[in-house]
Amino acid sequence: MPKVTVLMPVYNAEKYLAEAIESILEQTFTDFDFLIIDDGSTDRSVEIINSYADNRITLIRNEQNMGISNTLNKGVLLADSDIIARMDADDISLPERLIKQYTYLRDNPDCVLVSTGAETISGNGEILEIFEPNDDFLYYMMTFHCWIYHPSVMYRRKEIIDLDMYPNTRSQDYKLWSKIIRKHKINAIPDILIKYRITSQSVSNYVYKEESMEEELRQVRSNLQYFCGDSYTIPDDWLEAYRNNYTPLTKQPEITQMVDCIRELDHITEHVLAKKNVNKDEKSILSAAK
């Protein structure tokens, strides 16, 4: 049995697919199988996948389009390994990605999921932004943001299955990470180990953008209720401020609104500190809140 299964869903991804596949096949870590699930592509995606003779590749074809969540859950159940690394068909994994993540999980058996830093790139490969996560901040920041790039994760298969895997929503990754973090240890490697491509075809950025954002905001409110109580709620402009969008709050004519927003964050932080959790570290939470 291979030590890692790389799971990559594909749907009409012909433009960048070869680059994505080759970035996995060229990994310094070689003890993996590469499970590619085509979700009913109508372009040349299947032809491109079949052009590779590497025996680590297994291609599964959905008879009809199932959507990203159902396809990922199918892959989790089909995986032969205890550890799964996610990959997307328009991204690039840097050569040492798998070895660094596998080594981390091997050396930290209490950790269920580890993500990495990422470069966001344009369709032509231009660097747009560099994200180097601070592991000390991860637990607190995940309350307000999906602070994890989905194709950067490596996780333990059994624990994901025990949590019912991916929910069938537009923000399926954030919802799953939020479930994991309440029960299990998660961490982030700050190294840039993936290039995350943002194009007109990137689901998380352009397709169903408004619906995806609404789902994410609902998850943020659910996270706050996890810490502060089932009936907890705050104004929309405060929520946006905690997510680094200060425009709605600064449009308010009264400075007291801003002061109250800051005080409420202190209140939220107190509840985060009071909640029992395997990821909790008081110094890190206070530093992240500040």
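This report concerns the structure included in the present document.

Each value, and the rule that gives it
Residues numbered from 1 in each chain as written. Predicted model: local features only at pLDDT ≥ 70, side-chain atom pairs only at ≥ 80, totals over all residues. Heavy atoms only, no water. Salt bridge = Lys/Arg side-chain N within 4 Å of Asp/Glu carboxyl O. Helix = DSSP H or I, 4+ residues; strand = E, 2+ residues; numbered from the N terminus. Buried < 20%, exposed > 50% of the residue type's maximum accessible area, 1.4 Å probe, protein only. Phe/Tyr/Trp six-rings, centres within 6.5 Å; stacked < 30°, edge-to-face > 60°. Lys NZ or Arg CZ within 6 Å of the ring centre and 35° of its normal. Core = buried A, V, L, I, M, F, W, Y, C linked by side-chain atoms within 4.5 Å. Contact = heavy atoms within 4.5 Å. Axes fitted to C-alpha atoms, helices over the stretch in contact; angles between N-to-C directions. Parallel < 35°, antiparallel > 145°, perpendicular 65-115°, else oblique. Left-handed = near helix turned anticlockwise from the far one by under 90°. Polar contact = N/O pair within 3.5 Å; in protein donor to acceptor, adjacent residues only side chain to side chain. Arc of directions from axis to C-beta.

1. So, the pattern of salt bridges
Close approach of charged atoms lets side chains of opposite charge pair. Tallied over the entire structure, the rule returns 13 salt bridges. Across the salt bridge formed by Lys3 and Asp31, the nearest N and O atoms sit 3.1 Å from each other. In this pair, Lys3 sits in the segment before β1 (4-10) while Asp31 sits in the loop between α1 (17-25) and β2 (32-38), placing the two residues 28 residues apart along the sequence. Assessed through its relative accessible area of 28%, Asp31 is described here as partly exposed. The partner of Arg44 in a salt bridge is Glu47, and the shortest N-O contact between them spans 3.6 Å. Classification of Arg44 as partly exposed rests on a relative accessible area of 42%. A network of salt bridges, in which partner residues are shared, links Glu96, Lys100 and Asp191.

2. Focus: the packing of aromatic side chains
The tally for this structure, following the rule as stated, stands at ten aromatic pairs. Ring geometry for Phe29 and Tyr102: centres 5.1 Å apart, planes at 35°, overall tilted. With a gap of 73 residues between them, Phe29 in the loop between α1 and β2 and Tyr102 in helix α4 (residues 97-107) connect regions that are remote in the sequence. Taken as a pair, Phe29 and Tyr102 share a single burial class, namely buried. Here the aromatic cluster, defined as three or more aromatic residues joined through ring pairs, consists of Phe131, Trp147, Tyr149 and Tyr196. The lysine or arginine in question, Arg182, covers the ring of Tyr226, its NZ or CZ lying 4.4 Å from the ring centre.

3. Points about the nonpolar core
Of all hydrophobic cores here, the largest spans 53 residues; its most connected members are Tyr155, Trp177 and Ile180. If we ignore the near neighbours within four places in the chain, the residues touching Trp177 are Leu113, Met142, Cys146, Ile148, His150, Val153, Tyr155 and Tyr166. One finds Met8, Ile21, Met87 and Leu105 within the second-largest nonpolar core, a separate group that totals 30 residues.

4. Description of the packing of helix α7 (residues 172-183) against helix α8 (residues 209-228)
In contact at an axis separation of 10 Å, α7 and α8 are set at 15° when each is read in the N-to-C sense. Put simply, α7 runs roughly parallel to α8. For the pair α7 and α8, the crossing hand works out as right-handed. Along the contact surface, α7 presents Tyr174, Lys175, Ser178 and Arg182, while α8 presents Glu215, Glu216, Gln219, Val220, Ser222, Asn223 and Tyr226.

5. Let's talk about the environment of Arg97
Tracing the backbone through its elements, the reader meets Arg97 in helix α4. The exposure class of Arg97 is buried, given its relative accessible area of 0%. Separated by 181 residues in sequence, Arg97 and Val278 have C-alpha atoms that sit 26 Å apart. Ignoring any residue separated from it by four or fewer positions in sequence, one finds Arg97 in contact with Gln27, Ala85, Arg86, Met87, Pro151, Ser152, Val153, Leu193 and Ile194. From its side chain, Arg97 meets the backbone oxygen of Arg86 in a polar contact 2.9 Å long.

6. Let's talk about helix α12 (residues 282-289)
Listed as buried for α12 are Ser284, Ile285 and Ala288. Projected down its long axis, α12 shows its buried positions confined to an angular sector of 100°, all on one face. Exposed side chains of α12 directed beyond 90 degrees from the buried face belong to Glu282 and Lys283. Considering only its buried residues, α12 is in contact with α5 (138-141) and α11 (255-274).

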